[in-house]
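Residue-level listing of the chains:
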Amino acid sequence: MSLPLEDGMILFPGLPPFESERSVSSETGAVTHRFSSNTHQGTHVDAPRHYVDDGATVGSFAVDRWVGPARVVDLRDHRGEPIDADLLERAGDDVSSGDRVVLLTGDVDHRFGDADFFDEAAHLTASGAEWLVDRDVDLIANDFLTEALDDPARPVHRTLLGAGIPIVEYLCEADAVAPFDRVDFTCLPLSMPAFEAAPVRAVARTEP
């Protein structure tokens, strides 16, 4: 469920792009690559340190935070819409304390290459974030915008990360996963223990 990291991929407005360079050793013929990327490129996890000064970094979490059962909330009928508390209550009424929650609209699959993705994709609202915090979830993962970009205070990020809830952003392959109520979900970040974010390889296992 992770977007490939590659040259020319879409990026969050204002962040430096992913870039790579191939080289071949003139002595051995060995092929190597150099690449550069911001920590929020493609499918990645935001740790609390992203907005909380003394918040946890990527390396502060035990491995089992990133691996285990997850509750899937199918929001594909609400692509491009605000995801608020009322909608989550209807679609995810059995979300409970300690759950990993995967929220899927299909926005990344259908819109991520479009110039207007960051204006038109679905987004969590402040009430949606509060709903997730009230249910004491362990992690959320989504395939849309964690929040709309019109408020520079970033209240949704601050609410979730302030509660210690990591956010996995820009999942893909929603149609393969959304029909299942629960999956075994893995979203292991790269080992960047001191950073506020890191790319992840997200995988959902839908069969025992």
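Just above, that's the structure.
Read on for an overview of the structure. Predicted model only: the values in this text are computed from it and were never measured.

## Quick look at helix α4 (residues 126–134)
- If you check which residues of α4 are buried, you get Gly 128, Ala 129, Trp 131 and Leu 132. The buried residues of α4 occupy an angular sector of 155° when projected down its axis, which confines them to one face.
- Looking one or two places after α4, you find Asp 136, whose phi comes out positive at around 55°.

## Observations regarding the pairing of strand β11 (residues 197–205)
- As judged from the 3 bridges shared by strand β3 (residues 44–46) and β11, these two strands associate in the antiparallel manner. From the neighbouring strand, Asp 46 faces β11, where its bridge partner is Ala 197.
- Looking at chain direction, strand β10 (residues 182–189) and β11 are connected through 6 bridges and run antiparallel. Residue pairing in the sheet places Asp 184 in a bridge with Arg 205 of β11.

## With respect to the packing of α4 against helix α5 (residues 155–162)
- Taken N-terminus to C-terminus, the directions of α4 and α5 make an angle of 5°; their axes are 9 Å apart at the nearest point. Here α5 runs roughly parallel to α4, going by the angle between their axes. Residues Ala 126, Ala 129, Glu 130, Leu 132 and Val 133 of α4 lie in contact with α5, whose contacting residues are Val 156, Thr 159 and Leu 160.
- Grouping the constituent residues of the contact of α4 with α5 by class yields 6 nonpolar, 1 polar and 1 charged.

## Here's the deal with the sheet that holds β3
- As summarised here, the arrangement of the 7 strands in space is β3-β9-β8-β6-β4-β10-β11, forming a closed barrel in which the pairing is mixed. Across the sheet, the mean angle separating the axes of adjacent strands is 35° when strand polarity is ignored.
- Bridging between β3 and strand β9 (residues 167–169) involves 3 bridges; their strand directions are antiparallel. The residue bridging Asp 46 from the neighbouring strand is Ile 167, located in β9.
- Packing against the sheet, α5 makes contact with β3, β8 (139–142) and β9, and its axis sits at approximately 135° to β9.

## What about a negative patch on the surface?
- Together, Asp 114, Asp 116, Asp 119 and Glu 120 make up a negatively charged patch on the protein surface.
- With respect to the secondary-structure elements, Glu 120 resides in helix α3 (residues 117–120).
- Judged by relative accessible area, which is 38%, Glu 120 ranks as partly exposed.

Calculation rules
All residue numbers here refer to positions counted from 1 along the written sequence of the relevant chain. Local features in a predicted model are, by the rule used here, given only for residues with pLDDT of at least 70; side-chain atom pairs are given and counted only at 80 or more, and totals for whole chains, interfaces and linings are based on all residues. Note that water and hydrogens are dropped before the side-chain values are worked out from all heavy atoms of the structure. Whether a residue is buried, partly exposed or exposed follows from its accessible area with a 1.4 Å probe, protein chains only, as a fraction of its type maximum: under 20%, in between, or over 50%, in that order. Here a helix means four or more residues in a row that DSSP labels H or I, a strand means two or more in a row labelled E, and each is numbered from the N terminus. Taking the helix axis as origin, the arc is that swept by the directions to the C-beta atoms. Paired strands are those between which DSSP finds at least two bridges. In this analysis, axes come from line fits to C-alpha atoms, helices being fitted only over the stretch in contact, and the angle between any two N-to-C directions falls in the range 0 to 180 degrees. Oblique is the label for any angle not covered by the other classes, which are roughly parallel (under 35 degrees), roughly antiparallel (over 145) and roughly perpendicular (65 to 115). Any two residues whose heavy atoms approach within 4.5 Å at even a single point are treated as in contact. The classification used treats Ala, Val, Leu, Ile, Met, Phe, Trp, Tyr, Cys and Pro as nonpolar, Asp, Glu, Lys and Arg as charged, and all other residues, Gly among them, as polar. Without a salt bridge and with relative accessible area above 30%, a residue can belong to a patch; like charges are then joined within 9 Å and nonpolar side chains (Val, Leu, Ile, Met, Phe, Trp, Tyr) within 5 Å. Here, Shrake-Rupley sampling with a 1.4 Å probe gives the accessible areas, and only protein chains in the shown set may cover a residue. We count a salt bridge whenever a side-chain nitrogen from Lys or Arg sits within 4 Å of a carboxyl oxygen from Asp or Glu. A positive count includes Lys and Arg, and a negative count includes Asp and Glu. His and the chain ends are not counted in either. Charge positions come from single atoms, namely NZ of Lys, CZ of Arg, CG of Asp or CD of Glu.

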